[in-house]
Amino acid sequence: MSDISQQKRPFWTIARKDAAAGYLFIAPQLIGIITFVLIPLGLVFYYSLHEWNVLANTFTFVGDANYQMLLRDPNLPPVLLASAIFSAGLVVVNMSLALLLAVLLDQKLKGIVVFRTLFFSPVVVSLVAWTIVWSFLLQANGGINGILQVFGIEGPNWLRTPTTAMISVVVVQVFKNVGLNMILFLAALQGVPKELYEAARVDGASRFKQFRRITLPMISPTILLTSIITIVGSLQVFAQIAILTKGGPGVSTTVLVYYLYQQAFQFNFFGYGSTLSILLFVIVAVLTFIQWQMRKRIVFYEN
Amino acid sequence: MSRLSALKATAATAGILLPLAWGGVSWAQDAVNLRMTIWSANEAHLALFNEIADGFKQTHPNVTVTFEPLPYDNYVTTLTTQIAGGNPPDLAWIFETSAADFVNSGALAPLTDAFTNTEGYDLADVTDAASALWTKDGTLYAYPFSTSPFAVFVNNDLVSEAGAKTPAEMIEAGEWTWDNALATAKAVADNGKEGLVIRDFNFQTWQNLTAFWRGWGANAWSEDGKTCTFTAQPMVDAMTRLHRAIFVDGALPGPGENVDFFAGDAAMTITQISRASLLPKEDPFDWDLVPLPEGPAGKYSVIGQAAIGAFANRPNTDVAVEFLGYMTNPENSQKLAQFFPPARASLLNAETLSTTNPLLTPEQIEAVVVNGITNGQVISGHTNFAQIQQTVRASLDALWVPDADVTAVLQSVCDSVGPLLAR
Amino acid sequence: MKTDLSPRLRVALYGLMCVLLIPFVFPTWWMVTSSVKPISDIFAFPPDLWPRRFDFSTYSRVFELQPFARQYWNSAYIAALVTAGTMVVSSMAGYAFARIRFPFSNTIFMVVLLGLLIPSEVTIVPLFQMFLRWGMINTHWPLILVPIFGAPSVFATFVMRQFFIALPGELEEAARVDGLGRFKIFWIIALPLAKPALGAVAIFTFLHSWNLYLEPIVFLSSTQMFTLPQALTQFTDAYGGAMWNVQLAAATMTAVPVLIVFIVAQKQFVEGLAHTGLKG
C-alpha cells in the first residue's frame, strides 16, 4: 500500500471504483424494476381512482367508486373462493405428488433416468399446447370419457360441472409443472447425509419412521421454498382457465387474475380492473409475509 | 438571440414552412392506405374484397385497402385493443350485438350525408328494418352488409334412415313446427346419430338461442333494453322445452359434446345461410335448407347482422367513408350477396340472389332468404354487451345440467343481469 | 434411503411408476396422433390410440389459416432475445449483489426483490397504458423489455446471487492482485464458473417467454404479430367453429421441437435446474 504514503490520494480508490462498478452492474435491473414494477404499481393505484372509456375516449376521476364497487360486487366472494380453492388444491396435490415421485426416483432401479425424463417432459411442453390437448381430452365425448366408456364407466362432463371443472384445471396444472418440484425435491433428498439413515437403521427404525423423522425435516426448507413459489405461481394462473373453462361453469373457476382480465380487457373497465390488481397485490403480499414468518420458525434446518 | 430577432426568425420560418405544410396535405392524399378489420379468414371472401378494392383503385389510384382478418372468438376484444392502443383501423366489421356500443360511442363517422351525395347509391333502397340497429337520430353510422337469416340445414339421409318425415315433407303438409322438428331430431338421435345442433352456441354463446326462443315470442330483455325478460312466461316455456329436448329426449347434443353437422354427424343444424360453404364437397349427403320451424307463437324469423363502420377523426376518414360507399353501392352489393345476404330491397328477390348463390335453389332462396330478411327481427344487442353476455352466460350455466330448475335459473339470470341492464 | 430392494418390491415400484406415467405421457401421444386424424374421426368411439385413417393435410391447413411460420419466428426470436438479455442483466446484478460492496446494496436488493412480490398480472393495466403512450402496442417490445428488465428477471437475479455468494473468493482475490478490474474479474473469472446457474436461468427464462399468454393477448392485436401460444387458440373455421385436428397439428409443431431438444439434453436440463440454489 504505497499510495498511503503519497500526499494526495487519488479520488478513484479501489473501494470507490468497486462501488461505481456495483452501481453500474445493478443499473439495468434497478432501472427496469423502477420502470416496469414500481411506477406501474403507483399507476395501478392512480387508475383505480379513474374510469376510462375506450370507445368514447374519456378518462374521468371517480374517487373511491371502484373500491365501493369492489365491496358490493356480487361476483367477488365466489371469485376469491375459487382462487383459494384452486391455490390450496394445487399446492397440496402438487407438493404431495412431487414428493412421491421424487422418493420413487430416488430408488436404485435400472432405467430410472427414462422415468425421470418422462415425468419431467410436460414442463417443457408449451403451456397452451398442453392445455389445448387436455381441453380436447376433457370434452364430454372426448378421449378420457371415451376410454372410461370402454370400461363401462360413464364419465362426468368434466368441464361443465363446477366440481369436476375445478378438479380439471388443478390436475392439468399439476401434471404440467409437478416435474419442476419433483426435481428440486430429488436434489434435496440426495443431499440428505447417508449416515443419518444408517444410524437410524441401527436403531431399528422402519422405513416410514426414517422418512418422517429424518427425510421430511431435512428437506423442509426445500418444501417451504417450493410451496412459496407454487402458491405465488398458482395466483398467476390464466391461460389454463381461459382455454379450459373460460371461468365457468357459472363463476366456479373464475380466479382473480382471470376476473381482472375480463373486467379490464374484455369489458373495458380499466378502472375496476386496476382496483382488482390492487387486491391481488395485497393478497400476494400477505401470503408472502406469512410464509416468511414460517421460514423464520424453521430456520434451524437451514445451513 | 434577442427577443425581436427570435420573433423575426419564427415568422420567417413560418413563412417558409406553412406553404410546405399545405403542400404536404396534398401529398398525403397521394398515397392512402386504408385498413379494414374483418373476422372472416375465408379465402373466397378475401378474394372478393380485394376485387372490390381494385375496382376502387380504378378511380382512386392513390388508395389501397388491406383487409385484416382478426380471430373470430376475440374479435371485439382485439378490435377494442387496437382502438385503445391509438391504432384503430379505418374501417371495421361490427357484430349486431355490439352495435349499441359502437353507434352510441361517437367512435364512428356518420354515413348518411356522404351516401346520399354519392351518385347512384340509392340509400333509400336499404330497408329500414336492416338499418335500424345502425342508425342513431336518423343518421346511419355503419352499413349492414350482411343481413343473414337463421335457417335450418337438414341432412335428409339421416332423417330418412331414422324413418322420419323430412322437413320438406312436413312443410308441404303444414306440419313444420318445433314439436315435430324436435321429434324428428329425437328419432335420429335414437337411431344412433345426433339430432339438432344449434351451431356456435356451444352452451356459451347463448344469444344464438334467439333463433329458438323467438318461436315462443321470448326475448332476452325489453324493447328499451332496460328490463330483463328471462323470467317472462314465453322464455320460461321456451327454455323448459329446450331443456327437455336436450336432457330428456336427447334431441340436441349436450354441453361439451362436439358434433359437426357439416361432417355428417347430425340431422339438422340451425345456422346462417353463409355456412353453406361448409357443406362437404366429397361424398356429400342429401341436404336441404328450410326456414325455422313454427313455434307456439307462430311463424317467425331471426336475423344475424354484421355491419361496416368507418372510424371518425382519423386522418383518412373521408376516404374511408367514400370507399365504404363504393363497396356497398348497388353493383358491389350484388357481388357481396353471394356470401352476405343484402339489405337492399332491389336485390331481395329469388332471381337476383340465385345467380349469386349457385348452391341454393330459387325456392330455398325465396323461402329462407327473402322471407327471412323481409320479416326477420335482428338478434338483440346492448351497450356493454361483453359484460352482459358474460353475466348471463355465467348464470345460465346452471341450466345445462339434467336436473336443473328452469324457473329458478332464469330468475337468477335476471337477478344478476337486471342491475346491469337498468344502468 | 438407497438400499437394495427385493425383486417383488422392484416390480411393484416399476408398476406404480408406469401407472403414474400415464397422465404425463398420454396427452402428448394423443396430441400427435389426433393431429393426423380426419375431423370426422376425431371424436370417434371407441377412441383410436392409433389413427384408423390419416389426414396430413391438417399440417398444411395450419399455414393456410394463419401466418404460422411468421408466428413461430416471433415466438422463437422473442424467447431467444429475452433469454440472452436476462442472462446478461441478471448475472451482472446477481454478481454485484453477491460480491461487490457498495452503499445501500442491501436496501436496493430488497427493492429489487419486490419484483418477486408483484406478479406482472398486477401491473398489466398500467403497463398497457405505458406502452400505449410509447406507441408500442402491437409491437413485440413489451414482450421483450418487461421480462428482461422487469419482474420476471428478478427470480433469475436471485438465482445468480445465490450462486455467486457460494463461490469461493480466493480466485477473485488472486485476479485482483494481478490488477484486474471488476468487469474483467466478472467476465473472465466469475461468469465462466457460473455456467450451471446460467444454464438454469436460461432454461427458466426461455420456458417463461415461450409460454407467455396473457401479455401477448393484451399487447398484440394483429395475426402477423401473434406469438405461438396466442395463435394456437385461434384455429377456428371462418365462423369460429373449433378445428380440433388443425389446432392439434399446430400444437404438435409447437411442442415437439422443444421436447426433442429436452430429451437430447435432458441430463444438463434436469441437473441445471436442480442447481438453482433453491435447495434452501
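Residues numbered from 1 in each chain as written. Chains lettered and ligands numbered in written order. Predicted model: local features only at pLDDT ≥ 70, side-chain atom pairs only at ≥ 80, totals over all residues. Heavy atoms only, no water.

**Re the overall build of chain B**
Summing up its helical and strand segments, chain B has 17 helices and 11 strands in all. Considered along the principal axes of its C-alpha atoms, chain B spans approximately 95 × 50 × 35 Å. Counting across all 423 residues of chain B, residues that qualify as buried make up 56%. A total accessible area of about 17,400 Å² is found for chain B, and carbon and sulfur atoms account for 53% of it. Considering chain B, the positive charge centre built from 21 side chains and the negative charge centre built from 46 side chains are found 10 Å apart. (Helix = DSSP H or I, 4+ residues; strand = E, 2+ residues; numbered from the N terminus. Buried < 20%, exposed > 50% of the residue type's maximum accessible area, 1.4 Å probe, protein only. Areas by Shrake-Rupley, 256 points an atom, 1.4 Å probe, with all protein chains shown as cover. Lys, Arg positive; Asp, Glu negative; His and termini not counted. Charge placed at Lys NZ, Arg CZ, Asp CG, Glu CD.)

**Topic: the overall build of chain A**
On a plain count of helices and strands, chain A comes out with 12 helices and 2 strands. Going from N to C terminus, chain A has its helices and strands arranged as α-β-β-α-α-α-α-α-α-α-α-α-α-α. Relative to the 2.2 N^0.38 estimate, which gives 19 Å for 303 residues, the radius of gyration of chain A is 26 Å and therefore markedly larger than a compact globule would have. Expressed as lengths along the three principal axes of its C-alpha atoms, the size of chain A is roughly 90 × 75 × 35 Å. Per-residue burial for chain A yields a buried fraction of 55% across its 303 residues. Taking all contacts inside chain A whose residues are at least 6 apart in sequence as the whole, residues at least 24 apart take part in 65%. Accessible surface, chain A: about 13,500 Å² in total, of which carbon and sulfur atoms supply 68%. Considering chain A, the positive charge centre built from 20 side chains and the negative charge centre built from 11 side chains are found 5 Å apart. (Rg over C-alpha atoms; globule rule 2.2 N^0.38 Å. Contact = heavy atoms within 4.5 Å.)

**Some words on the confidence of the model for chain A**
Detail in the predicted coordinates should be disregarded across regions flagged by low pLDDT. Residues and elements named next belong to chain A. Of all residues in chain A, 95% attain a pLDDT of 70 or more, and the chain-wide mean is 87. Considering each helix and strand of chain A separately, the mean pLDDT is smallest for helix 8 (residues 194-202), with a value of 83, and largest for helix 3 (residues 76-105), with 95. Scored below 50 in pLDDT, residues 1-5 makes 1 contact in the model with residues more than four places away or belonging to other chains. Taken as a whole, residues 299-303 scores under 50 in pLDDT and shows 6 contacts with residues more than four places along the chain or in a different chain. (pLDDT = per-residue confidence, 0-100.)

**What to know about the nonpolar core**
Within the largest apolar cluster, 243 residues are counted, with the highest numbers of intra-cluster contacts made by Phe119(A), Phe120(A), Phe67(B), Trp93(B), Phe323(B) and Phe164(C). A per-element tally of this core places helix 3 of chain A first, with 15 residues. In this structure, Phe323(B) is in contact with Leu34(B), Met36(B), Ile52(B), Ala53(B), Phe56(B), Val65(B), Phe67(B) and Leu91(B), ignoring residues within four places of it in sequence. (Core = buried A, V, L, I, M, F, W, Y, C linked by side-chain atoms within 4.5 Å.)

**Side note on the environment of Thr33(C)**
Residue and element names in this part refer to chain C. In this structure, Thr-33 sits in helix 1 (residues 7-34). Given a relative accessible area of 4%, Thr-33 falls into the buried group. When near neighbours in sequence (up to four residues on either side) are disregarded, Thr-33 contacts Leu-49, Trp-50 and Pro-51. A distance of 3.4 Å separates the side chain of Thr-33 from the backbone oxygen of Trp-30, its partner in a polar contact. (Polar contact = N/O pair within 3.5 Å; in protein donor to acceptor, adjacent residues only side chain to side chain.)

**Focus: helix 6 (residues 143-150) of chain A**
For helix 6 of chain A, the set of buried residues is Gly143(A), Asn145(A) and Gly146(A). One side of helix 6 of chain A holds all its buried residues, which, seen down the axis, span an arc of 165°. Elements that come into contact with the buried residues of helix 6 of chain A comprise helix 5 (127-137) of chain A together with helix 1 of chain C. Gly152(A) lies just past helix 6 of chain A and shows a positive phi near 75°. (Arc of directions from axis to C-beta.)

**Focus: the interface of chain C and chain A**
Tallying the contact residues gives 107 residues for chain C and 105 residues for chain A. Both sides of the chain C and chain A interface together cover about 9,400 Å² of buried area, and 79% of this is carbon and sulfur. Linking chain C to chain A there are 2 salt bridges. In this structure, Arg176(C) engages Asp18(A) in a salt bridge whose closest nitrogen and oxygen atoms are separated by 2.8 Å. Where chain C packs against chain A, one counts 12 residue pairs in polar contact (both at pLDDT 80 or more). If one sorts the elements of the side of chain C that touches chain A by residue count, helix 1 of chain C sits on top with 17 residues. The residue inventory of the side of chain C that touches chain A, partitioned by class, reads 79 nonpolar, 18 polar and 10 charged. (Buried area = accessible area lost by both parts, 1.4 Å probe. Salt bridge = Lys/Arg side-chain N within 4 Å of Asp/Glu carboxyl O. Nonpolar A, V, L, I, M, F, W, Y, C, P; charged D, E, K, R; others polar.)

**Describing the environment of Met268(B)**
All names here are of chain B. Mapped onto the secondary structure, Met-268 falls in strand 8 (residues 266-272). Judged by relative accessible area, Met-268 falls into the buried class, the value being 2%. For Met-268 and Ile-365, which are 97 residues apart along the polypeptide, the C-alpha to C-alpha distance reads 18 Å. Leave out the neighbours within four places in its chain, and Met-268 touches Val-152, Phe-153, Val-154, Pro-167, Trp-176, Ala-181, Thr-184, Ala-185, Gly-195, Leu-196, Val-197 and Phe-261.

**Section: the interface of chain A and chain B**
Counting from both sides, the interface comprises 23 residues of chain A and, opposite them, 24 residues of chain B. Across the interface of chain A and chain B, roughly 1,900 Å² is buried in total on both sides, 54% from carbon and sulfur atoms. Three residues, Leu55(A), Arg160(A) and Phe267(A), lead the burial of chain A against chain B; their summed loss comes to 34% of the area buried on that side. For the interface between chain A and chain B, the tally reads 0 salt bridges. In this structure, the connection of chain A to chain B is made through 9 residue pairs in polar contact (both at pLDDT 80 or more). The dominant element in the side of chain A that touches chain B, judged by the number of residues it contributes, is helix 11 (residues 256-266) of chain A, at 4 residues. Looking at the side of chain A that touches chain B residue by residue, the class counts come to 11 nonpolar, 10 polar and 2 charged.

**Examining the environment of Met327(B)**
Residues and elements named next belong to chain B. Mapped onto the elements, Met-327 comes out in helix 12 (residues 317-327). Met-327 sits in the buried class, given a relative accessible area of 1%. Setting aside chain neighbours within four positions, we find Met-327 in contact with Met-36, Phe-49, Ile-52, Phe-67, Ile-308, Asn-332, Ser-333 and Leu-336.

**Some remarks on the state of the cysteines**
Residues and elements named next belong to chain B. A complete count under the given rule lists 1 disulfide over all chains for this structure. Across the disulfide, Cys-228 is cross-linked to Cys-414 (sulfur-sulfur distance 2.0 Å). One quick way to see it: the torsion about the S-S bond of Cys-228 and Cys-414 is about -80°, and its sign makes the bridge left-handed. Of the two residues, Cys-228 is situated in the loop between helix 10 (210-213) and helix 11 (233-247) and Cys-414 in helix 17 (residues 406-422); the sequence distance between them amounts to 186 residues. The pair formed by Cys-228 and Cys-414 is uniform in burial state, with each residue classed as buried. (Disulfide = S-S within 2.5 Å.)

**Some words on the pairing of strand 1 (residues 32-38) of chain B**
Residues and elements named next belong to chain B. Across the 7 residues that make up strand 1, a large majority, 6, are buried. With 7 bridges joining them, strand 1 and strand 2 (residues 63-69) adopt parallel strand pairing. The partner of Met-36 across the bridge, within strand 2, is Phe-67. In the classification by handedness, the crossover that spans strand 1, the intervening helix 2 (residues 43-59) and the parallel strand 2 is right-handed. (Pairing = 2+ DSSP bridges. Right-handed = clockwise from strand over helix to strand, strands pointing away.)

**Some details on the UniProt feature "domain: ABC transmembrane type-1" (unreviewed entry) in chain A**
Under the UniProt annotation, the feature "domain: ABC transmembrane type-1" (unreviewed entry) is placed at residues 80-291 of chain A. Structurally, residues 80-291 of chain A comprises 75% helix and 0% strand, and the distance from its first C-alpha atom to its last is 20 Å. (UniProt positions renumbered as here; feature names shortened; annotations may be inferred.)

**Description of the pattern of salt bridges**
Should their charged atoms come close, side chains of opposite charge can pair. In the structure shown here, the tally under the stated rule is 17 salt bridges over all chains. Salt bridges here are not isolated pairs; linked through shared partners, they connect Asp18(A), Arg99(C), Glu172(C), Arg176(C) and Arg182(C).

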